[in-house]
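Here are the chains, one letter per residue:
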Amino acid sequence: MNNTIRSIVVLAVFASLVCAVGFAQSSGEAIYKQKCLNCHGTDGLASSGIGKIMKVKSVTDPEVKKLTEAEMIEMVRNGCGKMQPYKDELTKAQIKGSVDYFRTFIK
Ligand code: HEC
């Protein structure tokens, strides 16, 4: 009996850890799609719409590739060129999440 309860608890804890990780990833993706995609594009190439008009650099650009995650987070927090600052709109964790998602396009 005790063992059964213990294994249920272990399973529940394990399941919640998995969910927490899954949620963190998908929330970065969700924020990117909501806030960043219009300019940076579905694949970070900024090849259509506003991205093209604003001449947003593609993730294939060496200038973008050489940026570290921390530099990108700073640029998004404080704004960069025509990009607005996001520090009042998004939390640091949300900005990190969307930047991490953006960085998955860098090859
Ligand atoms: C209104 C259009 C617009 C939106 C929305 C936007 N950006 Fe940008 N972003 C730009 C422009 C313009 C630059 C300036 C540099 C450039 O030419 O790429 C830039 C630069 C960047 C850079 C520096 C690397 C680079 O491409 O030059 C990162 C990283 C970045 N944006 C991420 C984001 C993230 C994450 C979001 C969403 C939270 C976001 N951007 C939303 C237009 C936008």
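Being a predicted model, the structure only gives us computed values, none of them experimental.

Rules behind the numbers
- Residues numbered from 1 in each chain as written.
- Predicted model: local features only at pLDDT ≥ 70, side-chain atom pairs only at ≥ 80, totals over all residues.
- Heavy atoms only, no water.
- Helix = DSSP H or I, 4+ residues; strand = E, 2+ residues; numbered from the N terminus.
- Buried < 20%, exposed > 50% of the residue type's maximum accessible area, 1.4 Å probe, protein only.
- Arc of directions from axis to C-beta.
- Contact = heavy atoms within 4.5 Å.
- Phe/Tyr/Trp six-rings, centres within 6.5 Å; stacked < 30°, edge-to-face > 60°.
- Expected span 1.5 Å × (residues − 1).
- Near = heavy atom within 4 Å.
- Polar contact = N/O pair within 3.5 Å; in protein donor to acceptor, adjacent residues only side chain to side chain.
- 1 Å grid on protein atoms, 1.4 Å probe; cavity = no way out; pocket = protein on both sides within 12 Å on 5 of 7 lines; lining within 4 Å.
- Sits in = over half its atoms within 2 Å of the grid points.
- Nonpolar A, V, L, I, M, F, W, Y, C, P; charged D, E, K, R; others polar.
- Core = buried A, V, L, I, M, F, W, Y, C linked by side-chain atoms within 4.5 Å.

Caption draft 1: Expanded view of unusual backbone geometry. Even without glycine at this site, alanine 46 takes up a positive phi of about 50°. With respect to the element layout, alanine 46 can be found in the loop between helix H1 (2–40) and helix H2 (49–53). Phi at lysine 55 takes a positive value of approximately 55°, unusual for a residue other than glycine.

Caption draft 2: How the structure looks around helix H4 (residues 69–78). Among the residues of H4, those classed as buried are Met72, Ile73 and Val76. Buried residues of H4, seen end-on, are gathered within an arc of 100° and therefore sit on one face of the element. Elements in contact with the buried residues of H4: helix H3 (62–65) and helix H5 (92–103). Phi for glycine 79, located one or two positions after H4, is positive at around 85°.

Caption draft 3: Structural detail: the packing of aromatic side chains. All told, the structure shown has four aromatic pairs when counted by the stated rule. Measuring from ring centre to ring centre gives 5.1 Å for tyrosine 101 and phenylalanine 105, while their planes differ by 80°; the resulting arrangement is edge-to-face. You can call tyrosine 101 buried: its relative accessible area is 17%. Among the aromatic side chains, those forming a connected cluster through ring pairs are Tyr32, Tyr101, Phe102 and Phe105.

Caption draft 4: Molecular detail of H5. Given a rise of 1.5 Å per residue, 12 residues ought to cover 16 Å, and the 16 Å separating the end C-alpha atoms of H5 matches this to within 8%. By the burial criterion, the buried members of H5 are Ile95, Gly97, Ser98, Val99, Tyr101 and Phe102.

Caption draft 5: Representation of the environment of histidine 40 in the model. With respect to the helices, strands and loops of the structure, histidine 40 is situated in helix H1. For histidine 40, the residues in contact, after removing those within four places along its chain, are Tyr32, Leu45, Ala46, Val56, Met83 and Phe102.

Caption draft 6: Representation of the site of the ligand in the model. The full set close to the ligand counts 20 residues, and Cys36, Cys39, His40, Lys57 and Met83 are the nearest of them. Between a nitrogen atom of the ligand and a side-chain N or O atom of histidine 40, the distance comes to 2.7 Å. Between lysine 57 and the ligand, the recorded distance is 2.7 Å, taken from a backbone N or O atom to an oxygen atom. Among the detected pockets, the ligand sits in the largest pocket. Secondary structure elements with two or more residues in the shell around the ligand: H1, H4 and H5. In the shell around the ligand, the residues fall into 14 nonpolar, two polar and four charged.

Caption draft 7: Representation of the nonpolar core in the model. With 16 residues, the main nonpolar core has Tyr32, Met72, Ile95, Val99, Phe102 and Phe105 as its most contacted residues. Sorting the residues of this core by element identifies H1, H4 and H5 as the ones contributing at least two each. Counting residues per element, this core draws most heavily on H5, at four residues. In this view, phenylalanine 105 contacts Tyr32, Thr42, Asp43, Gly44 and Val59; residues no more than four positions away in its chain are not counted.

Geometric values such as these leave the question of function open.
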